[in-house]
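# Working through the structure, step by step
Here is how the chains run, residue by residue.
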Amino acid sequence: MLGLMMDRQLTLATLARHAERNHARREVVSVTADHDRHRYTFAEALSRARRLSNVLTRLGAADDARIATMAWNDFRHLELYFGVSCSGRVLHTINPRLFAEQLSYIVNHADDEWIFFDIAFTAILEKIAPLCPRVKGYVAMTSQAHMPAHCTLPNLHCYETLLAHESDQCEWPEFDERRASSLCYTSGTTGHPKGVLYSHRSTVLHSYALALPDSANLSALDGILPVVPMFHVNAWGYPYAGMMVGAKLVFPGHRLSSPELLVDLISEEGVTIAGGVPTVWLPLLDYLRSSGRSIAPLNRTVIGGSACPLAMIEEFRDKHGVAVLHGWGMTEMSPVGVVNSPTSANICLTGEALAAQVVKQGRALPGVELKITDDDNRELPWDGESFGALKVRGPWICSEYYRLDGVSQAHGADGWFDTGDVATIDADGYVKITDRAKDVIKSGGEWISSLDLENVAMSHPAVRECAVVGMGHGKWQERPLLVVVAAQAIDKAELLNWFEGKVAKWWIPNDVLEVESLPHTATGKISKLELRRQLSAYRFPDDQA
Ligand code: ADP
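Every value quoted in this text rests on a predicted model; they were computed, and no experiment measured them.

Moving on to the packing of helix 7 (residues 200-211) against helix 8 (residues 238-245). Orientation of helix 7 relative to helix 8, taken along the N-to-C sense of each, is 70°, at an axis distance of 9 Å. Taken together, the axes of helix 7 and helix 8 lie roughly perpendicular to each other. For the pair formed by helix 7 and helix 8, the contact residues are Thr 203, Ser 207, Tyr 208, Leu 210 and Ala 211 on the first element and Tyr 238, Tyr 240, Ala 241, Met 244 and Val 245 on the second. A per-class count over the contact of helix 7 with helix 8 returns eight nonpolar, two polar and no charged.

See below:
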């Protein structure tokens, strides 16, 4: 027997209409190349999103066209998030930090019809445009006065001029909630980037889950600052969830790596929650230490994308009264899978027990199913000790990659997606990521967690940033090497001593290497693949083989 409930489809248009009626006066504040501090209301944002849908129709974009963006976090990008998807078309957010050959590959693979771009990316697009002959034209996301001069891009339009000539009368069509809404490619550390095609349903469900109290706990009282770029998994879903709950949205534009601007925005715009990968918070914390400024309205920050060091969690909490919500997820998961929020059983922990608890990645959002398995695909117990391949399934987890040539190893016939991460899960459901499967260090037949070692190293005052990688060793097969960017002079022996009593003796790295900087991926994470390549000639001093 079927239930007798209305079959209203979960589409982004329903979410946008809710925001228009209920949060019309809420503000969107942005820094852009042509505005120091642009501000308008949700009502204006969505009225312009409707104009944009009309622009796309006038430009002749197909009903299900892929419309690409190469842009920072600001109000125009937000208009594209809704104007493209609510009209039934697919928003393809391109990461401008990818290599040129990856960029032309994904534009062609996605079959993008139009590319909307910030003028800062004009030169990148001029370079790849000849390699992307099926793109019908380009729209510079600026006003006529700021249009790039001597631009060679074919069929170039000005965003503000197009919008100015259009009406905001546009009834977004009703359609199946499973229709594609947006497309994001993983950075593809090996092989070509792979496309993850989100649906309206998956995006709306993910927004509900993100807003839950044990998740990001979003409400109309919040000011949200997505520091994570809008080209990185839809800025982790914050623009959608923020619109849904009626939180103020604050966008740092092209200046997202300026700690001074971030602190200005936090204090002047009443930001209560910010989200980003650990590497964006390092300069912010440095700046707070040297300037003595406060980030008072901020009460929590969501940190994920790579493991958040304990030292960062403690500095935010103890010096600034900001709770770090450590989270884990991936492009294939929209992206949030687990968030570390407390329960009544662990909220009172202190000292080492608290430290061990907060470095965990967290508990599954309702809707996300998890399991860990051994090499024979047998499920392992949730005892906080057994570690294995972390597998997931749920309504905002990708079922297959977009137009993939061949079969994905990650999508099992049993309907579970293998995340490529190795983890433990404790009896309360808290996941602790040990490593990416390809980064696990295998020493003498035993596994060592590079993330645990990095956490210990990061708590040493002389260490600014670090990575632990497994390097070949004649006797042990692999041993950990600690690669460090120093904050102050490093004494190798003293640094290695720091690990005594904090990890098993045989986990302690065999050597420390000091470097000027560490390589990062296009999404701002430390690239261990590139680091291992750079270190290919390295030999441990104690390796006689
Ligand atoms: P990419 O970095 O390749 O663009 P994603 O952003 O999808 O792709 O990265 C997902 C991966 O990032 C996860 O599989 C995991 O290895 C890592 N990751 C994400 N969050 C965390 C976290 N909190 N702790 C440790 N690793 C994390």
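Text resumes after the structure shown.
Around the ligand, 17 residues are found, and the nearest of them are Ser 187, Gly 327, Thr 331, Asp 421 and Lys 525. Here Gly 305 contributes a backbone N or O atom positioned 3.0 Å from a nitrogen atom of the ligand. The side chain of Thr 523 places a nitrogen or oxygen atom 3.4 Å from an oxygen atom of the ligand. Taken by itself the ligand offers 570 Å² of open surface, and the protein chains cover 93% of this. Looking at which element gives the most residues to the shell around the ligand, the answer is strand 14 (residues 323-329), with four residues. Here the residues of the shell around the ligand sort into four nonpolar, ten polar and three charged.

If you look at the biggest cluster of nonpolar residues, it comprises 88 residues, and the most contacted ones within it are Leu 78, Phe 82, Phe 116, Leu 218, Met 243 and Leu 390. Shared between two domains, this core takes at least three residues from each, and those domains are domain 1 (19-164 + 171-256) and domain 2 (368-436). By size, the runner-up hydrophobic cluster in this structure holds 80 residues, among which are Val 31, Leu 153, Ala 274 and Ala 462.

Let's shift gears to the domain arrangement of the chain. Along its sequence, the chain is organised into domain 1 (19-164 + 171-256), domain 2 (368-436) and domain 3 (441-534). Centre-to-centre separation of domain 2 and domain 3, based on C-alpha positions: 26 Å. Contacts between the two partners involve seven residues from domain 2, matched on the other side by nine residues from domain 3. Taken together, the two surfaces of domain 2 and domain 3 that pack against each other cover about 530 Å², and 51% of this comes from carbon and sulfur. Taken as a group, Phe 387, Thr 434 and Asp 435 account for 60% of the area that domain 2 buries against domain 3, more than any other trio of residues on that side. Summed over the shared surface of domain 2 and domain 3, the number is one salt bridge. Taking the shortest distance from any N to any O, the salt bridge between Lys 432 and Asp 452 comes out at 2.7 Å. Where domain 2 meets domain 3, there are three residue pairs in polar contact (both at pLDDT 80 or more).

What follows deals with the environment of Asp 64. Tracing the backbone through its elements, the reader meets Asp 64 in the loop between helix 2 (42-58) and strand 3 (66-70). With sequence-adjacent residues up to four places away left out, Asp 64 is seen in contact with Gly 88, Arg 89, Val 90 and Arg 179.

In this section: the sheet that holds strand 5 (residues 112-117). The seven strands are arranged 7-6-5-3-4-8-9 in an open sheet whose pairing can be described as mixed. Looking along the sheet, the strands with just one partner apiece sit at the ends: strand 7 (156-158) and strand 9 (195-199). Between one strand axis and the next, the sheet turns by 25° as a mean value, whatever way the strands run. Two strands pair when backbone bridges link them, and strand 3 and strand 5 are joined in this way by five bridges, in the parallel orientation. Looking at the pairing, Ile 67 lines up with Trp 114 of strand 5.

What the nine strands build is an open sheet, ordered 2-1-11-10-12-13-14-15-16; its pairing is mixed. In this open sheet, the two edge strands, each paired with only one partner strand, are strand 2 (35-41) and strand 16 (363-364). As paired strands, strand 14 and strand 15 (residues 336-339) are joined by three bridges and run antiparallel to one another. Following the sheet pairing, Trp 328 is matched in strand 15 by Val 338.

For the second largest pocket, the calculated volume is near 560 Å³. Lining the second largest pocket are 19 residues; nearest its centre among them are Leu 310, Ala 355, Ala 356, Val 456 and Lys 502. Of all the secondary structure elements, the ones that give two or more residues to the lining of the second largest pocket are helix 11 (310-320), helix 12 (351-358) and helix 13 (450-458). Element by element, the count of residues in the lining of the second largest pocket is highest for helix 12, at five residues.

Considering all chains together, one arrives at 38 salt bridges under this definition. Residue Lys 371 is joined to Asp 414 by a salt bridge in which the shortest nitrogen-to-oxygen separation is 4.0 Å. Here Asp 414 lies in the loop between strand 18 (388-393) and strand 19 (417-425) and Lys 371 lies in strand 17 (residues 369-373), a separation of 43 residues in the sequence. If you follow the salt bridges from partner to partner, you end up with Glu 27, Arg 37, Arg 39, Lys 248, Glu 268 and Glu 269 in one network.

A separate point is helix 11. Looking only at helix 11, the buried set comprises Leu 310, Met 312, Ile 313, Glu 315, Phe 316 and His 320. Just downstream of helix 11 lies Gly 321, where phi reads positive at about 65°.

Right, let's get into the packing of aromatic side chains. Across all of its chains, the model carries ten aromatic pairs by this definition. With a centroid separation of 5.3 Å and an interplanar angle of 35°, the aromatic rings of Phe 387 and Trp 447 are classed as tilted. Here the residue Phe 387 occupies a position in the loop between strand 17 and strand 18, and Trp 447 occupies one in strand 22 (residues 446-448), the gap between them amounting to 60 residues. The partly exposed category is assigned to Phe 387, whose relative accessible area is 35%. Here Trp 447 falls in the partly exposed class, since its relative accessible area comes to 31%. An aromatic cluster is built from Trp 72, Phe 121 and Phe 231, whose rings are joined through pairwise contacts. Above the ring of Trp 172, the side-chain terminus of Arg 50 is found at 4.0 Å from the ring centroid. One Lys or Arg, Arg 179, reaches over the ring of Phe 175 and ends 4.7 Å from the middle of that ring.

Attention now moves to helix 12. Of all the positions in helix 12, only Ala 355, Gln 357 and Val 358 are classed as buried. Projected down its long axis, helix 12 carries its buried residues within an arc of 165°, all on one side. On its buried face, helix 12 is in contact with helix 11 and strand 14.

Thresholds, definitions, all that
- Residues numbered from 1 in each chain as written.
- Predicted model: local features only at pLDDT ≥ 70, side-chain atom pairs only at ≥ 80, totals over all residues.
- Heavy atoms only, no water.
- Axes fitted to C-alpha atoms, helices over the stretch in contact; angles between N-to-C directions.
- Helix = DSSP H or I, 4+ residues; strand = E, 2+ residues; numbered from the N terminus.
- Parallel < 35°, antiparallel > 145°, perpendicular 65-115°, else oblique.
- Contact = heavy atoms within 4.5 Å.
- Nonpolar A, V, L, I, M, F, W, Y, C, P; charged D, E, K, R; others polar.
- Near = heavy atom within 4 Å.
- Polar contact = N/O pair within 3.5 Å; in protein donor to acceptor, adjacent residues only side chain to side chain.
- Areas by Shrake-Rupley, 256 points an atom, 1.4 Å probe, with all protein chains shown as cover.
- Core = buried A, V, L, I, M, F, W, Y, C linked by side-chain atoms within 4.5 Å.
- Buried < 20%, exposed > 50% of the residue type's maximum accessible area, 1.4 Å probe, protein only.
- Domains from an automatic or database assignment.
- Buried area = accessible area lost by both parts, 1.4 Å probe.
- Salt bridge = Lys/Arg side-chain N within 4 Å of Asp/Glu carboxyl O.
- Pairing = 2+ DSSP bridges.
- 1 Å grid on protein atoms, 1.4 Å probe; cavity = no way out; pocket = protein on both sides within 12 Å on 5 of 7 lines; lining within 4 Å.
- Points joined across faces, edges and corners; volume = space filled by probe spheres on them.
- Phe/Tyr/Trp six-rings, centres within 6.5 Å; stacked < 30°, edge-to-face > 60°.
- Lys NZ or Arg CZ within 6 Å of the ring centre and 35° of its normal.
- Arc of directions from axis to C-beta.

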